[in-house]
Amino acid sequence: MNFIVGLTGGIGSGKSTVAELFSRRGAALVDTDAIAHELTAPQGVAMPPIVAAFGDAVRRADGGLDRIAMRRLVFADPSAKAVLEAILHPLIRQQSAARCAAAVAPYVLLVVPLLIESTGYRRRTDRVLVVDCDEDVQIARVMARSQLAAEEVRAIMATQASRAERRAAADDLVLNDGELAALTPQVDHLHRKYLELASSQLHAGR
């Protein structure tokens, strides 16, 4: 069994940036958001059932998912979220489990935005790493990269675990309030720690 670190954090916390730093140091990266994008890309296997459930309004001209239209639909109709999750989540779990099992690396970084909210994913991880930042920073980052207004970002945040809940569930924290340079020493320290833990697990399993 591979040693698996579950990486999570609120929207706009900088999960992808932190994950990339770990990847550069040799960790295998399994990103459930990236898998979801693959599934909902043009010709993605999730697109036919999504269009059958929601219609052409959530499909872009190229055949991929219009994520902004889908997000607004989900917030307008809570039942739509359950339908979308019933389509996507089993496919994402299947794909992520297969990629974790097949990874050839000292350890696996499994990136799951809603890890704290999902007992299934938490059971699959050996450590929980939370990328943490101030909530105002989260809102500013999401607004800068999307067409969402501040109140829409806050509405998304309200559906996720709170900052306090994530911190309470964390085995490890990366603080990402400021400059990129501040991440390097934190990631270096945790990378060494995970190498040691993965090695210990490997030797214990022999």
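Residues numbered from 1 in each chain as written. Predicted model: local features only at pLDDT ≥ 70, side-chain atom pairs only at ≥ 80, totals over all residues. Heavy atoms only, no water.

Caption draft 1: Quick look at the side chain of R166. Considering the arrangement of structural elements, one finds R166 in helix α9 (residues 163-169). Within the buried set, R166 has no salt-bridge partner at all; the shortest N-O distance to an opposite charge, 5.1 Å, is to E117. Polar side-chain contacts of R166 include one of 2.6 Å to the backbone oxygen of A161. Among residues more than four places away in sequence, those in contact with R166 are G9, G10, I116, V130, Q138, Q160 and A161. (Helix = DSSP H or I, 4+ residues; strand = E, 2+ residues; numbered from the N terminus. Buried < 20%, exposed > 50% of the residue type's maximum accessible area, 1.4 Å probe, protein only. Lys, Arg positive; Asp, Glu negative; His and termini not counted. Salt bridge = Lys/Arg side-chain N within 4 Å of Asp/Glu carboxyl O. Polar contact = N/O pair within 3.5 Å; in protein donor to acceptor, adjacent residues only side chain to side chain. Contact = heavy atoms within 4.5 Å.)

Caption draft 2: Highlighting the pairing of strand β5 (residues 172-175). What you see with β5 is a clean split: D172 and V174 sit on the buried side and L173 and L175 on the side with no burial. Sheet topology places strand β4 (residues 127-132) next to β5; four bridges connect them, and they run parallel. Its bridge partner being in β5, V131 is matched across the sheet by V174. (Pairing = 2+ DSSP bridges.)

Caption draft 3: Geometry of unusual backbone geometry. Its identity as a non-glycine residue notwithstanding, Q43 has a phi of 70°, on the positive side. Note that Q43 resides in the loop between α2 (32-39) and α3 (47-54).

Caption draft 4: A look at the pairing of strand β1 (residues 4-8). Burial runs high along β1: five of the five residues are buried. In β1, alternate side chains face the same way, and those of I4, G6 and T8 on one face and V5 and L7 on the other are all buried. Pairing between β1 and strand β3 (residues 108-111): four bridges, direction parallel. What sits directly across from L7, in β3, is V111.

Caption draft 5: Quick peek at the packing of aromatic side chains. Counted under the stated rule, the structure contains two aromatic pairs. Ring geometry for Y107 versus Y194: centroids 5.5 Å apart, planes at 70°, classification edge-to-face. One end of the pair, Y107, is in the loop between α5 (78-102) and β3; the other, Y194, is in helix α10 (residues 183-204), and 87 residues separate them in sequence. The two residues Y107 and Y194 agree in class, both being buried. Through successive ring pairs, a cluster of aromatic residues spans F22, Y107 and Y194. (Phe/Tyr/Trp six-rings, centres within 6.5 Å; stacked < 30°, edge-to-face > 60°.)

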